Amino acid sequence: MTKVLLIGNGAREHAIAEAIKRSGCDPRLYSYMKTNNPGIASLSHDLRLGNYDDLAAICTFAKDAGIEFAIIGPEDPLQNGVVDALSEAGFPSVGPTRSLARLETSKIFTRRLLEKYSIPGNPRFKVFDTPHAILDFLKTLEEGSVIKPDGLTGGKGVMVQGDHFSTPEEALLLCETILKTGAPVLVEERLDGEEFSLQCFCDGKTVVATPAVQDHKRRFEGDSGPNTGGMGSYSYPDRSLPFLIPSDIEDGVEITRKISEALFKETGELYKGIMYGGFMATKEGVKLLEYNARFGDPEAMNVLPLIKSDFIEVCRAISKVH
Ligand code: GLY
């Protein structure tokens, strides 16, 4: 029997729960959820409801159940250090430590990582701690700008010229609002192209990609309305996306491989979990919008049912302590 702890209660975690239950490793699922998802509950041998910052409750549940490993669905518990807490309690995880989860929780960390290790994919960007010089930089961004606060924003913190503001002067006001909270602000050039989500398994040394998916960001049909955290996602029946060429995927995978190496050099830790790159295929090649340290929600639903390998075997290989 293989006892697995799953943290999270969304559609993504329901897809993960189903992948676990499809395994031939005699799975027994234990679920820790913030609010009850009846679909996940129906697949679970046992469950607990609780907050994602209650690391003691999560570790107690893991101990009581005697799990082999945990898989973490959403970003909040990763930011709270649930993988570190479970590791101290003797349980490996599919999911990065708090330090490695900065790949998602700090956009500035990731931009600087690419820059430091000469990894392609960064747009032009600058980080500002004060308003001084922001306007000068904004005026150099002829294709428009994007303003990003540094931390987790639930997919709603990024402000794009044309959608949220019109002029460099308006962008400066938004930057000043962020700076007043005491946080730095990331200013980037606006990219033009087609976005794709590339979710990769990573054991810290090897990166294996799942098929690319597109997350539909606009609220209304016909690509109209405001940008959202994601309205739904899709790929073609043959698992392709019609606007991508094979080298776009290869470039996204190569960037992700280089990131996993850079993370090890930077922190001395192996990244064990999912690296989900949000990329844009542009005229100048593939650019990185951001990384997430987990499966996409809902993109997990597109790829997990396609995986022919035994999902528990994949997770076991990732979470194994080297
Ligand atoms: N679908 C976007 C995300 O999971 O962040």
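Please read these numbers as outputs of a predicted model, since none were measured by experiment.

Colleague: I'm lost on the pairing of strand β2 (residues 27–33) in this one. Help?
Modeller: Two faces make up the sheet, and in a regular strand the side chains alternate between them. For β2, the tally of buried residues reaches six of seven residues, placing the bulk of the element in the interior. Here strand β1 (residues 2–7) runs beside β2; their pairing, made up of six bridges, is parallel. Within the sheet, the bridge partner assigned to Lys-3 lies in β2 and is Arg-28. Once you follow β1 into helix α1 (residues 11–21) and on to β2, the crossover reads as right-handed. For the handedness criterion, the β-α-β arrangement of β2, helix α2 (residues 38–43) and strand β3 (residues 46–49) is classed as right-handed.

Colleague: Would you mind going over the state of the cysteines with me for this structure?
Modeller: Note on terminology: a disulfide is the covalent bond linking the sulfur atoms of two cysteines. Applying the stated criterion to the full structure yields zero disulfides. Considering cysteine sulfurs only, Cys-315 is the nearest to Cys-59, which forms no disulfide, with 19 Å between them.

Colleague: What should I look at first to understand the side chain of Ser-233 in this one?
Modeller: Of note, Ser-233 is situated in strand β13 (residues 224–234). Since its relative accessible area comes to 18%, Ser-233 is described here as buried. There is a polar contact of 2.5 Å between the side chain of Ser-233 and the side chain of Asn-302. If we ignore the near neighbours within four places in the chain, the residues touching Ser-233 are Val-213, Gln-214, Asp-215, His-216, Pro-298, Glu-299 and Asn-302.

About the thresholds
- Residues numbered from 1 in each chain as written.
- Predicted model: local features only at pLDDT ≥ 70, side-chain atom pairs only at ≥ 80, totals over all residues.
- Heavy atoms only, no water.
- Buried < 20%, exposed > 50% of the residue type's maximum accessible area, 1.4 Å probe, protein only.
- Helix = DSSP H or I, 4+ residues; strand = E, 2+ residues; numbered from the N terminus.
- Pairing = 2+ DSSP bridges.
- Right-handed = clockwise from strand over helix to strand, strands pointing away.
- Disulfide = S-S within 2.5 Å.
- Polar contact = N/O pair within 3.5 Å; in protein donor to acceptor, adjacent residues only side chain to side chain.
- Contact = heavy atoms within 4.5 Å.

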